Amino acid sequence: MNKDEHLRQELDEFKKEKERIRNIVGEIGGKNNKQHKVVNFIFLLLIGILLILGVVLRKITPYLTLEIVTLLGIFKVIWMFYEFQRASHFQFWILNSLEFKLNEIERRVKRIEGMIKEKR
């Protein structure tokens, strides 16, 4: 296999790996995925229903409505922090893996440089 074919093969492998990592990060929290949309819709729906029941229909006292809506808002913020933490942890794991691979490549390059110096 000549040099161009080898480089092309490495480039194709890199593109496949890049796409795989992009998909994994998207599932973890890098993108606005289906789970996030469903959770956001549920929170908005619950808050909307509570506001309609409390403020418009007066089925619940305004004070209780405010407390429950605030509690739901706090739950939403906690969920957002959890999702952010998951994504950050995964990104840290990826960066740590990259650092490990770079160190391994650096060791190989130094070994190859040593072999070249010995041959000269």
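In the block above lies the structure referred to throughout.
**Q** Looking at this structure, I do not really get the pattern of salt bridges. What am I missing?
**A** Oppositely charged side chains can form a pair if their charged atoms are brought close together. Under the definition given, this model contains four salt bridges. With a shortest N-O distance of 3.3 Å, Arg86 and Glu83 are connected by a salt bridge. Here Arg86 pairs with Glu83, and both are found in helix α3 (residues 62-119), just three residues apart, close to one helical turn. Here Arg86 falls in the partly exposed class, since its relative accessible area comes to 26%. Exposure remark for Glu83: the relative accessible area of 6% places this residue in the buried category. Between Glu106 and Lys110 there is a salt bridge, with the nearest N and O atoms lying 3.6 Å from each other. Of this pair, Glu106 and Lys110 are both found in helix α3, four residues apart, which corresponds to roughly one turn of the helix.

**Q** Sorry if this is basic, but what is going on with α3 here?
**A** Every α-helical turn comprises 3.6 residues, leaving residues that sit three or four positions apart pointing alike. Taking 1.5 Å of rise per residue, the 58 residues of α3 would be expected to cover 86 Å, and the 85 Å separating its terminal C-alpha atoms lies within 8% of that figure. Within α3, burial applies to Thr65, Val69, Leu72, Lys76, Trp79, Glu83, Ala87, Phe90 and Ile94.

**Q** Would you take a moment to explain unusual backbone geometry for this structure?
**A** One can expect most non-glycine residues to show negative phi and most peptide bonds to be in trans. Phi is positive for Arg58, close to 55°, though the residue is something other than glycine. Positionally, Arg58 belongs in the loop between α2 (34-56) and α3. A relative accessible area of 64% places Arg58 in the exposed class.

**Q** Looking at this model, I keep getting lost on the environment of Leu44. Mind explaining?
**A** Among the secondary structure elements, Leu44 is positioned in helix α2. A sequence separation of 71 residues divides Leu44 from Met115, and the C-alpha atoms of the two residues are 65 Å apart.

**Q** I'm lost on the packing of α2 against α3 in this one. Help?
**A** In helix packing, the relevant descriptors are the interaxial angle and the interaxial distance, both defined with respect to the helix axes. Contact geometry for α2 and α3: axes closest at 9 Å, N-to-C directions at 170°. For the element pair α2 / α3, the angle class is roughly antiparallel. From α2, His36, Val39, Asn40, Phe43, Leu46, Ile47, Leu50, Leu51 and Gly54 reach across to α3, where they touch Thr65, Ile68, Val69, Leu72, Phe75, Lys76, Trp79 and Glu83. Of the residues belonging to the contact of α2 with α3, the class tally is eleven nonpolar, four polar and two charged.

Rules and cut-offs
Residues numbered from 1 in each chain as written. Predicted model: local features only at pLDDT ≥ 70, side-chain atom pairs only at ≥ 80, totals over all residues. Heavy atoms only, no water. Salt bridge = Lys/Arg side-chain N within 4 Å of Asp/Glu carboxyl O. Helix = DSSP H or I, 4+ residues; strand = E, 2+ residues; numbered from the N terminus. Buried < 20%, exposed > 50% of the residue type's maximum accessible area, 1.4 Å probe, protein only. Expected span 1.5 Å × (residues − 1). Axes fitted to C-alpha atoms, helices over the stretch in contact; angles between N-to-C directions. Parallel < 35°, antiparallel > 145°, perpendicular 65-115°, else oblique. Contact = heavy atoms within 4.5 Å. Nonpolar A, V, L, I, M, F, W, Y, C, P; charged D, E, K, R; others polar.

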